Amino acid sequence: MRARGMEMASKDCVQVAVRVRPFNKRERDAGSRCIISITSNNISIQDPRNPQNSRIFTFDYTYWSHSGFSRNKDGLFVSEETGGRYADQASVFLDLGQGIHDNALLGYNATLLAYGQTGSGKSYSMVGYGPNKGLIPTLCDRLFQSIKSMQDSRQCQVFFSMLEIYNEQVLDLLSKTSRSAGGLRVREDQQRGFYVEGLRRVPCDCAAQVEQLMEQGTRTRTTVATHMNANSSRSHMLIIIHLKQIFSKECITKQSNIYLVDLAGSERQRSSGSEADRLKEGTAINLSLTTLGNVISALADMALGKKVVHIPYRDSVLTKLLQSALGGNSRTVMIATLSPADICYEESLSTLRYAERAKRIQNKAVVNESPTERLVKELKAENAKLVLRLSRLGQEGRKADDETKELRRLLTHNELQIRAIQTLWEQHLQEALKDWENQYATITQERRMMQMHPYIMNINEDAQLSGVVKLFIQEGEWDIGLADNSPRSLCIRGLGIQDKHAVFSNQQRRVSITPVAGSKVIVNGVPVSKRIELQHLDRLVLGSNSTYLFIGFPSERSGEDWSRYDYDYFQSELAAAEGFHIQSLCDDQGHRPHQPDPSLLAVFYDYIKLMPMVTEANQMSKELKKGVEFKLEIKNLAMSDSKGHDLEKDIAVRVTSVESKQVWMWSKAKFVNRKFLMEEVYQQQVVGGEGADRAPLPRDRDPFWDPLEPLHLGSAHLWLQSLAFRIPLEEQVDVVGPEGTEEAILQAQLVPCSPTGLPLGEDDILIDPSELLGKRLDFQLVLDQCCGLRWVKEARNRGVQIGFQVFDCPQPLYTPAVWHNVNPLLDHRIQFTALRTSQELLNFLQSNALVLELWGLQEGCSELVSSMDGVKMTQEDNIIIDKINASEHLTAETGGSDLSSSLRALHQDLEQLRNSNAALRKENSALREQLNSARNGVENNRGRQERRGSLRPSCDAEFAKALKVFYHSMTSVRGQLQRLRRHKPSEEADLLGLRLFVDEHTYLLKDFSEQLEQCVTTLKQDVAAIVRRKREKSGIWS
């Protein structure tokens, strides 16, 4: 499963490891299926929609951390079996961290990159959780252990830096001063390469000090993320450890920079699909990760021998700082983390492809010699020369006082420089130790408060940032909000937080929260507007998305596992309060909850992920006075294709202008891109402060606006089976929206007709649809009226169009637009022709419906136009379908050669003769049977045969009429069945409401059963009457 860790020290290629994490709570609750398997260094991923389709990748290291583990008494996750395949934190460090450690001590630069989608386990592998320490803290422990064991042979100096890159801005997470506008600058030096100007480097002499600095940096990162409305999953975190080893005897200094990089969530790199956005994707928020991908691709191509003109290191802040790690002077390892769940298939496959490219990169690592040590060497060499010159002057006895004084002055100056260089480390270390002591005192005080008072602690999407901020609720009343001008105030920042947002009260060992008017406070998924008492482990959401867990008095804490109340738990709870959870989604679609469809799981996963983003977008719209509201919708939830099969579900965002009532529908990818752009605008105009640029954006650059386009409102199904019997159909069909809402009622007809458009009579009705094969079929689609348009009821300045596509017609066709009318007359009639009906068309008519799509129009948007490209017409201007025979029709109808016309006529005559021959053979067979059974002679038998021939047409017509009545009755039954499917209880219904719903549902079911029974009974009675009359009139039928 794993290669040897020390191999990395002898190679300069990028080493790539892949680690598979366990299912998280959301994936377990959704019944997710594992689609990843590992064999040796090979990893296989299976497509959940097509299990036969799988991809295999090979990497330097593969780690199975999905299953086969348990927690021991020390809280460590270990393999359940000795020698089991579970990879714990120690085994990951042995392969990856030990190589980084060894290379650093040898004087090489070393880099460790963590890549993967948000929540895939990057932070757990890099930092760890609780006693399960990750690569970074374990590396620091081993590094200081090695330094201590080697202190006799060398002097070691360790400097620690921690920074974050968000939106192309560099933030020093250890800075003592306030954040500068625009962040720190990245500069370039001929010797040092790219570096961050002004980045704080803190000397450290123990691992505990490094751990404390990491806590300080994490706290700063959490505070800044809340203040800037920045999500940690879109930021890159870099830890830089500078190791300097001074070998006094050898007069050698080795220096190494260790870069430990936790990259932003890789799902931000996913393609936006087929829908293009007019505003450029890959904003500053995405730029670093996008450029990193471009750099890796260029270096991978170079390693394969392809000609690469340019490697875009300079295109982003991240790639500037990682230039030495990628193709430069460093020994580099990448760990890619994966979720094995089927709902994360696309993300995991993308991560594997990314990692596969990275493993081709070749670096050129060399041992580093410090410029500072060279200066000391040069100064010592110069001093030796000065001492030699002074001794020669003394030996020669020359009187050169002036020259001697100058030499002694230079000697003293050089010695002072050497002493300053050598004592600088001790001074920095003493200052860092003082800071560490102050930080330690603060942490000790916080831990003391945790054992005395209740408090709320933050919950972040990044588990490493959760629990960092703790706000203690001491006895009395405490205001919580933006304002911090009172000694009894708790200051928080975030979208939707007011100056005074709510009031906490701690009286008689009871804690309550009272929202201030107009503020948003949610407790356990339910919005509250008045005082409510809090219980231990209650979940709070303040403002748009500031999530906190309430921790009660110490006496109320009984050792529960608080870790289950993570960010996903909060979002799932909010979704469940809105009536959206995986069980209800599966029930709506007829799936068993323990066997949900992968597409439904993906929809649930996306819905939960987008919920907080939609909330934040609404708050930014409010604060920027954009007047736009965003709402999540499930696309195709209640919609089906022409066969009645469910369409694939997806998430869309409905965007509505409050003032003008204009509506847009954005895809998931488009909304995510726009959300990034909204954040940039928000940073500039709101967070930027008084000096920020507040000039209004031009409309074409405004992420809250888009040109208007026709909207798909819903669809109706007009079943085509009656056409196979040449029976006309007149029906009122319900237009159902994507989420099952009734958008309108459409009156439509299917009319079998002659080539000139005259409706066929009852005598033309067929009993056997196969009689259509090879014959011409003409029918008209008539759209009479659309009633009860909900789209137009909401705003009278709107219009609609109906679109449809029949069988193999190459382009969709649309009715003319109708405006400003809730019940518009469409009066649209169009005729279709199949010149020689094929078996494919006949099968289509018997099993498919014509899907009529309702499109909404708004003032300012262009109407949908029927494209006639590739559409073939008859001489009567009818649209030709069933393209199998279209070429034959065109040859005959456009005046082709006489030979081809004659040949076609002969084919038709031949077909008629064959049919006549078959009929005669059947007739002869019947006559033979009658002759053999005749009792009254030949003449009487002939008379009966004549009567039979005269009775057949009338009996067939009666049977056709009975079928027509049956089909019309079944249309009504089908409508009742659709009403039953859509009949659901109100989400707000109480017990009485549910009882009323059950009674009403029982009545509808009874009505449906009676209608169905009546239709079948009527058909049976009609057929029995026809048979009885035939028996009465003909002895042959007896």
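Note that the structure is predicted; figures quoted are calculated from it, not measured. (Residues numbered from 1 in each chain as written. Predicted model: local features only at pLDDT ≥ 70, side-chain atom pairs only at ≥ 80, totals over all residues. Heavy atoms only, no water.)

## Thoughts on the packing of aromatic side chains
For the record, the criterion: In summary, the pairing rule links any two rings of Phe, Tyr or Trp, Trp by its six-membered ring, whose centres are within 6.5 Å, and it sorts them by plane angle into stacked for under 30 degrees, edge-to-face for over 60 and tilted for everything else. Exposure categories follow from relative accessible area, calculated using a 1.4 Å probe and restricted to protein chains: below 20% of the type maximum is buried, above 50% is exposed, and the middle band is partly exposed. Going along the chain from the N terminus, every DSSP run of H or I of four or more residues is numbered as a helix, and every run of E of two or more is numbered as a strand. For a Lys NZ or an Arg CZ to count as sitting over a ring, it must be within 6 Å of the ring centre and within 35 degrees of the ring normal.
What the rule picks out here adds up to 12 aromatic pairs. Taking the centre distance of 5.7 Å and the plane angle of 90° together, the rings of Phe 69 and Phe 77 count as edge-to-face. Residue Phe 69 is classed as partly exposed on the basis of its relative accessible area of 24%. Aromatic pair Phe 630 and Phe 671: ring centres 5.9 Å apart, planes at 55°, arrangement tilted. In this pair, Phe 630 sits in strand β30 (residues 628-635) while Phe 671 sits in helix α14 (residues 668-687), placing the two residues 41 residues apart along the sequence. The two residues Phe 630 and Phe 671 agree in class, both being buried. Each residue in the set Phe 630, Trp 666, Phe 671 and Phe 704 is aromatic and connected to the rest through ring pairs, giving one cluster. Sitting above the plane of the Trp 478 ring, Arg 488 keeps its charged end 4.3 Å from the centroid.

## Digging into the environment of Ser 125
Worth spelling out the cut-off: Throughout, a residue-residue contact means that at least one pair of heavy atoms, one from each residue, lies within 4.5 Å. Definition of a polar contact: a pair of N or O atoms within 3.5 Å, with one able to donate and the other able to accept a hydrogen when the atoms are protein atoms, and with sequence-neighbouring residues admitted only if both atoms are side-chain atoms.
By the element assignment, Ser 125 lies in helix α3 (residues 122-126). The residues contacting Ser 125, other than those within four sequence positions of it, are Arg 19, Gln 89, Gly 134, Leu 135, Ile 335 and Thr 337. For Ser 125, the side chain forms a polar contact with the side chain of Arg 19, separated by 3.1 Å.

## Considerations on the sheet that holds strand β4 (residues 50-58)
To keep it simple, the criterion reads: A pair of strands is labelled paired if DSSP reports no fewer than 2 bridges between them. As a rule, the C-alpha atoms of each element are fitted with a line to give its axis, helices using only the stretch in contact, and angles between N-to-C directions run from 0 to 180 degrees.
Strand order in the open sheet made by the 3 strands is β2-β3-β4, with antiparallel pairing throughout. What marks the edges here is a single partner per strand, and that holds for β2 (36-39) and β4. For this sheet, the mean inter-axis angle between neighbouring strands, taken without regard to orientation, is 25°. Pairing analysis gives 6 bridges linking strand β3 (residues 42-47) to β4, with the strands arranged antiparallel. When the bridges of β4 are listed, Ile 45 appears paired with Arg 55.

## Concerning the pairing of strand β11 (residues 155-166)
In terms of burial, β11 is largely enclosed, as 11 of its 12 residues are buried. With 11 bridges connecting them, β11 and strand β16 (residues 236-247) associate as antiparallel partners. Note that in β16 the partner of Met 162 across the bridge is Ile 239. Bridge analysis of β11 against strand β15 (residues 202-204) gives 3 bridges, and the strand direction is antiparallel. Note on β15: the bridge partner recorded for Val 158 is Cys 204. As paired strands, β11 and strand β12 (residues 169-172) are joined by 4 bridges and run antiparallel to one another. Bridge pairing in β12 places Leu 163 opposite Asp 172.

## What to know about the UniProt feature "binding site: ATP" (unreviewed entry) in the protein
Rules: UniProt positions are given in the numbering used here, feature names are shortened, and annotations may be inferred rather than shown by experiment.
The sites that carry the UniProt feature "binding site: ATP" (unreviewed entry) are, in the present numbering, Gly 116, Gln 117, Thr 118, Gly 119, Ser 120, Gly 121, Lys 122 and Ser 123. Relative to the helices and strands, Gly 121 resides in the loop between β8 (110-115) and α3. Sequence-distant contacts of Gly 121, defined by excluding residues within four places in its chain, comprise Arg 21 and Thr 337. With respect to the helices and strands, Ser 123 occurs in helix α3.

## Quick word on the sheet that holds strand β32 (residues 663-667)
Whether parallel or antiparallel, the strands of a sheet pair through hydrogen bonds between backbone atoms. Taken in spatial order, the 3 strands of this open sheet run β30-β31-β32, and their pairing is antiparallel. Each of the sheet's edge strands pairs with one partner strand only, and the pair in question is β30 and β32. Between one strand axis and the next, the sheet turns by 25° as a mean value, whatever way the strands run. Where β30 and strand β31 (residues 650-657) come together, 8 bridges link them in antiparallel fashion. Its bridge partner lying in β31, Lys 635 is registered against Asp 650.

## A look at the pattern of salt bridges
The test is simple: Here, a salt bridge means any side-chain nitrogen of Lys or Arg that lies within 4 Å of a carboxyl oxygen of Asp or Glu.
Here the structure, examined in full by the defined rule, presents 26 salt bridges. Here Lys 470 ties to Glu 446 by a salt bridge, and the two come within 3.8 Å at their closest N and O atoms. Residue Lys 470 is found in strand β20 (residues 470-472), and its partner Glu 446 is found in helix α10 (residues 401-450); the two are separated by 24 residues along the sequence. With a shortest N-O distance of 3.6 Å, Arg 776 and Glu 876 are connected by a salt bridge. One end of the pair, Arg 776, is in the loop between β35 (742-753) and β36 (777-787); the other, Glu 876, is in the loop between β41 (849-857) and β42 (879-880), with 100 residues separating them in the sequence. Given a relative accessible area of 28%, Arg 776 falls into the partly exposed group. Residues joined by salt bridges that share partners form a network here, namely Glu 743, Arg 790, Glu 794 and Arg 798.

## Details of unusual backbone geometry
Despite not being glycine, Asn 524 has its phi angle at roughly 55°, a positive value. Examined against the element boundaries, Asn 524 turns out to sit in the loop between β25 (521-523) and β26 (526-528). Asn 524 sits in the partly exposed class, given a relative accessible area of 26%. In this structure, Leu 537 takes a positive phi of about 70° despite not being glycine. In this fold, Leu 537 is placed in the loop between β27 (532-533) and β28 (539-542).

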